[in-house]
Amino acid sequence: CDKWRRLPAELSGKLPTTWYCWMHPDPACRVCEAPEEESGPGQAQAECQAAAVAAEAEGLRLHLSSRSSTGYRGVIEHASGRFWARHMVNGRSVGLGSFATAV
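What counts and what doesn't
Residues numbered from 1 in each chain as written. Predicted model: local features only at pLDDT ≥ 70, side-chain atom pairs only at ≥ 80, totals over all residues. Heavy atoms only, no water. Helix = DSSP H or I, 4+ residues; strand = E, 2+ residues; numbered from the N terminus. Buried < 20%, exposed > 50% of the residue type's maximum accessible area, 1.4 Å probe, protein only. Contact = heavy atoms within 4.5 Å. Areas by Shrake-Rupley, 256 points an atom, 1.4 Å probe, with all protein chains shown as cover. Pairing = 2+ DSSP bridges. Axes fitted to C-alpha atoms, helices over the stretch in contact; angles between N-to-C directions. 1 Å grid on protein atoms, 1.4 Å probe; cavity = no way out; pocket = protein on both sides within 12 Å on 5 of 7 lines; lining within 4 Å. Points joined across faces, edges and corners; volume = space filled by probe spheres on them. Polar contact = N/O pair within 3.5 Å; in protein donor to acceptor, adjacent residues only side chain to side chain.

J.: When you look at the overall build of the protein chain in this model, what are you seeing that I'm missing?
T.: Secondary structure assignment for the protein chain yields one helix and five strands. Going through the 103 residues of the protein chain one by one, you find that 21% of them count as buried. Restricting to contacts in the protein chain with at least 6 residues of sequence separation, those with at least 24 account for 27%. Summing over all exposed atoms, the protein chain offers an accessible surface of approximately 7,500 Å²; the carbon and sulfur share of this is 54%.

Structure representation (structure tokens):
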């Protein structure tokens, strides 16, 4: 996407020749939809976290997750190829339904 991304200092000198957004150590910055970062201190983190919400509908937000095989928190792919979405309500997991796509 050719957007600037800040990286932690510990990565200095360890970067590959070709870099992609999905390689960023911060999950919130692993999407090309995250806005390009400005040079002001402290500004980058807030911008990346705003992009961590991938979609929003009916009062619910779909959040990115680097720990999920689908890339989204609370969304799993069933053996049938359909995607099941769940979220937590008062400490209980509640199903939202089965969908043809993850988004």
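That covers the picture; the talk isn't over yet.
J.: Would you mind showing me how to read the sheet that holds strand E3 (residues 75–77) here?
T.: Two pairing modes exist for strands in a sheet, parallel and antiparallel, and in both the strands are linked by backbone hydrogen bonds. Pairing in this open sheet of three strands is antiparallel, and the strands run E3-E4-E5 from one edge to the other. Two strands bound the open sheet, and with one partner strand each, they are E3 and strand E5 (92–99). Here the average twist between neighbouring strands, direction ignored, is 25°. The pairing of E3 with strand E4 (residues 83–89) spans three bridges and is antiparallel. Bridge assignment links Glu77 to a residue of E4, and that residue is Phe83.

J.: Which parts of the structure should I look at to understand the environment of Asp26?
T.: Relative to the helices and strands, Asp26 resides in the segment before helix H1 (43–51). Taking the relative accessible area as the measure of exposure, Asp26 reaches 16% and is therefore buried.

J.: Sorry if this is basic, but what is going on with the layout of surface pockets here?
T.: Which parts of space are left empty comes out when a probe the size of a water molecule is rolled across the atoms. By volume, the largest pocket amounts to about 520 Å³. Along the wall of the largest pocket there are 20 residues; nearest its centre are Leu60, Arg61, Leu62, Ala85 and Leu96. Looking at the lining of the largest pocket, the elements that each hand over two or more residues are strand E1 (53–57), strand E2 (60–63), E4 and E5. The biggest single contributor to the lining of the largest pocket is E4, with five residues.

J.: When you look at the side chain of Thr70 in this model, what are you seeing that I'm missing?
T.: By secondary structure assignment, the location of Thr70 is in the loop between E2 and E3. By relative accessible area, which is 16% here, Thr70 ends up buried. Within polar-contact distance, the side chain of Thr70 engages the backbone nitrogen of Tyr72 at 3.3 Å. Thr70 has contacts with Val75, Ile76, Glu77 and Phe83, leaving out every residue within four places of it along the chain.

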